[in-house]
Amino acid sequence: MTTEGHGAASTARGGALLVVGDVITDVVARHRGPLAAGTDTAAAIRTVPGGAGANVACWAARGGGAEVRLLGRVGADAAAWHERELAACGVRPQLVVDPQAPTGTVICLVDTGEAAERTFLTDSGASLRLEPDDWSDALLDGVARLHLSGYLLFSEPSRALVAVALESAHARGVPVSVDPASAGFLRELGVDRFLSLVEGVDVLLPSRDEACLLTGLPDVADAAAKLSRHVPLVVAKQGPRGALIARSGTVYAQLPAVAATPRDTTGAGDAFTGAFLAALLAGAAPEDAAAEGCRAGALAVERVGGRPPVPT
């Protein structure tokens, strides 16, 4: 069963962006200092829409340029809410409603200290139950770029979906990008397996930790350079240190971060990815697209939750 929203008209000249990934309900608990084990810790708690794939789609749609579509899987418990929230951000959602599993939920523990660091407790629920039967080659009609959330690689059904989507995209000549998404899950999956699963993608967007984990190198520039021998374009996100871009074994551009006062770093990497892909789709050079990503990331950390402000 699918539910399809039509919140965004097709305005792209060069084609749409299709994001395939997780749609999650985020419960954000903002606290100060260490958690008090065995007793109460005061916190400000909000429930907001999230999910790396959904966040990327929303940030990509923020500029109002290309049409942005999202394929994801949710439970019946929150399908209508998530569809409304995505459409409000300008995304055209195609949500598969899982008949058994509830919508995935992530509890985001955010320390409101200076760095606004966050820790996730993740129940993936329906989000990683996307499967090949949820894919149709028609999803790529009018699509100029496919983006896959790395979370899809962390369960067997969605790994199978990734393989089908990649094959379909390659057959049509549609370029594909991947964001590794989680250093913790990536470590469990295994580096060699991940690199094998993403073979053939044209853009990889790891965080600093993910890039270093994927290469075993402690320096992010060295890591990005090494990864760019496997993937044509590597854009390493470094949070407050900006981003760097590598191609053919060499780092050729470094972009500074945009100054921001962080409240919640949840979704900052997703904001970067979404803005980067939207700019790339609009014809920007990778370094200019990365600058857009840095600007979006700065805006994201000053907000609670992983989504951009909803247009009014």
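### Comments concerning helix α2 (residues 79-88)
Working step 1: Taken residue by residue, α2 has Ala79, His82, Glu83 and Leu86 as its buried positions. Relative to the axis of α2, the buried residues are bounded by an arc of 100 degrees and lie together on one face.
Working step 2: In the segment just after α2, Gly90 is the residue with positive phi, at about 90 degrees.

### A word on the sheet that holds strand β4 (residues 44-50)
Working step 1: On the basis of which strands lie adjacent, the open sheet formed by four strands has the order β4-β3-β7-β8 and mixed pairing. The open sheet has two edge strands with one neighbour each: β4 and β8 (118-123). Geometrically, the sheet is characterised by an average inter-axis angle of 20 degrees between neighbouring strands, direction not taken into account.
Working step 2: Where strand β3 (residues 24-31) and strand β7 (residues 104-111) come together, eight bridges link them in parallel fashion. Along β7, the bridge assignment pairs Val27 with Ile107.

### Re helix α7 (residues 220-227)
Working step 1: Buried within α7 are the following residues: Val220, Ala223, Ala224, Ala225 and Leu227.
Working step 2: Here the buried face of α7 lies against α5 (191-197), β11 (203-204), α6 (208-215), β12 (233-237), β13 (243-247) and β14 (250-255).
Working step 3: Its side-chain oxygen 3.1 Å from the backbone nitrogen of Ala221, Asp219 forms the N-cap of α7.

### Looking at the nonpolar core
Working step 1: Of all hydrophobic cores here, the largest spans 44 residues; its most connected members are Leu18, Val20, Trp135, Leu146, Leu148, Phe194 and Leu204.
Working step 2: It is helix α3 (residues 156-172) that provides the largest number of residues to this core, a total of five residues.
Working step 3: Core analysis: the next-biggest nonpolar cluster, separate from the first, contains 35 residues, Leu17, Val56, Leu70 and Cys89 among them.

### Focus on the pairing of β13
Working step 1: Across the five residues of β13, four count as buried, placing the element largely inside the fold.
Working step 2: Two strands pair when backbone bridges link them, and β12 and β13 are joined in this way by five bridges, in the antiparallel orientation. Looking at β13, one finds that Leu233 is bridged to Arg247.
Working step 3: Turn length for the β12-β13 hairpin, with the two strands adjacent in sequence and antiparallel, is five residues, and the turn residue Gly239 shows positive phi of about 60 degrees.
Working step 4: As paired strands, β13 and β14 are joined by five bridges and run antiparallel to one another. Residue pairing in the sheet places Arg247 in a bridge with Thr250 of β14.
Working step 5: Remark: two residues form the turn of the hairpin made by β13 and β14, two consecutive strands paired antiparallel; Ser248 in that turn has positive phi of roughly 55 degrees.

Thresholds applied
- Residues numbered from 1 in each chain as written.
- Predicted model: local features only at pLDDT ≥ 70, side-chain atom pairs only at ≥ 80, totals over all residues.
- Heavy atoms only, no water.
- Buried < 20%, exposed > 50% of the residue type's maximum accessible area, 1.4 Å probe, protein only.
- Helix = DSSP H or I, 4+ residues; strand = E, 2+ residues; numbered from the N terminus.
- Arc of directions from axis to C-beta.
- Pairing = 2+ DSSP bridges.
- Axes fitted to C-alpha atoms, helices over the stretch in contact; angles between N-to-C directions.
- Contact = heavy atoms within 4.5 Å.
- Polar contact = N/O pair within 3.5 Å; in protein donor to acceptor, adjacent residues only side chain to side chain.
- Core = buried A, V, L, I, M, F, W, Y, C linked by side-chain atoms within 4.5 Å.

Read these as geometric descriptors, not functional statements.
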